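# Breakdown of the fold
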Amino acid sequence: MSASNKKPSPLTKLSTVQPSGKRDDNFFQQVFDVVRQIPKGRVTSYGAIAASLGAKSSSRLVGYAMNGAGSIKPKVPAHRVVNRNGDLTGMHHFSPPERMQQLLEKEGVKVENNRVVDFKKKFWDPSEL
């Protein structure tokens, strides 16, 4: 048998691989830390959060983090995160879906047709921290 066809010895230890998701967990924690800094009465976007973390093309991953933010302690104000147009795209993850709008309006953010009114004025840029 040639050297390239040898089977590994049963005593050969395989290198360990970090479970997938570990890196995502770290990214999610960073997302939660940014979201906790959004001032009351202001909103930001998935893309702005991703860009502030040096992962400009990871806005969808920020959305996944927000999807699971309801059970995180300390609380994460996920209702303050909207899409780049100010649309309440995450509202379907609230129970009931109207809850996202209610929470924003309680903080003085006006919403019409599931979109933040005066989005540019209410927008908070996390990269300016």
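As annotated in an unreviewed UniProt entry, the protein carries the name MGMT family protein and comes from Pinibacter aurantiacus.

### A short note on the side chain of histidine 79
You can see histidine 79 is positioned in the loop between helix H3 (59–67) and strand S2 (81–82). Exposure remark for histidine 79: the relative accessible area of 8% places this residue in the buried category. At 3.0 Å, the side chain of histidine 79 forms a polar contact with the side chain of glutamate 107. Excluding its chain neighbours within four sequence positions, the residues that come into contact with histidine 79 are Phe94, Met100, Leu103, Leu104 and Glu107.

### Topic: the nonpolar core
In this structure, Val31, Val35, Met66 and Leu88 are the most contacted members of the largest nonpolar core, which totals 31 residues. Of all the secondary-structure elements, those providing two or more residues to this core are helix H1 (22–35), helix H2 (46–52), H3, S2 and helix H4 (99–106). Contacts of leucine 88, omitting those with residues within four sequence positions, involve Val82, Met100, Gln101, Leu104, Val111, Asn114, Arg115 and Val116.

### Side note on unusual backbone geometry
For residues besides glycine, phi is generally negative; the peptide bonds are generally trans as well. Residue proline 74 is bonded to the preceding lysine 73 through a cis peptide linkage, with omega at -10 degrees. Looking at where proline 74 falls in the secondary structure, it is placed in the loop between H3 and S2. The omega torsion across serine 95 and proline 96 is -10 degrees, close enough to zero to call that bond cis. Within the fold, proline 96 resides in the loop between S2 and H4. In this structure, asparagine 113 is a non-glycine residue whose phi angle is positive, near 50 degrees. Here asparagine 113 lies in the loop between strand S3 (111–112) and strand S4 (115–116). Backbone geometry places aspartate 118, a non-glycine residue, at a positive phi of 55 degrees. Mapped onto the elements, aspartate 118 comes out in the loop between S4 and helix H5 (119–122). On the basis of relative accessibility, which here comes to 47%, the residue aspartate 118 falls in the partly exposed class.

### Looking at the environment of serine 58
Relative to the helices and strands, serine 58 is located in the loop between H2 and H3. Contacts of serine 58, omitting those with residues within four sequence positions, involve Phe27 and Ala50.

### Some remarks on the pattern of salt bridges
Going through the model one piece at a time under the given rule, you end up with four salt bridges. Of the charged contacts in the structure, one is a salt bridge between aspartate 87 and arginine 115, with a shortest N-O distance of 2.6 Å. Of this pair, aspartate 87 sits in the loop between S2 and H4 while arginine 115 sits in strand S4, placing them 28 residues apart in sequence. The exposure class of aspartate 87 is buried, given its relative accessible area of 18%. For lysine 110, the salt bridge goes to glutamate 112, with nearest N and O atoms at 3.3 Å. A relative accessible area of 43% places glutamate 112 in the partly exposed class.

### Considerations on H3
Turning to H3, its buried residues are Val62, Ala65 and Met66. Along the axis of H3, the buried positions cluster into a sector of 100 degrees, meaning they face one direction only.

Rules of the game
- Residues numbered from 1 in each chain as written.
- Predicted model: local features only at pLDDT ≥ 70, side-chain atom pairs only at ≥ 80, totals over all residues.
- Heavy atoms only, no water.
- Helix = DSSP H or I, 4+ residues; strand = E, 2+ residues; numbered from the N terminus.
- Buried < 20%, exposed > 50% of the residue type's maximum accessible area, 1.4 Å probe, protein only.
- Polar contact = N/O pair within 3.5 Å; in protein donor to acceptor, adjacent residues only side chain to side chain.
- Contact = heavy atoms within 4.5 Å.
- Core = buried A, V, L, I, M, F, W, Y, C linked by side-chain atoms within 4.5 Å.
- Salt bridge = Lys/Arg side-chain N within 4 Å of Asp/Glu carboxyl O.
- Arc of directions from axis to C-beta.

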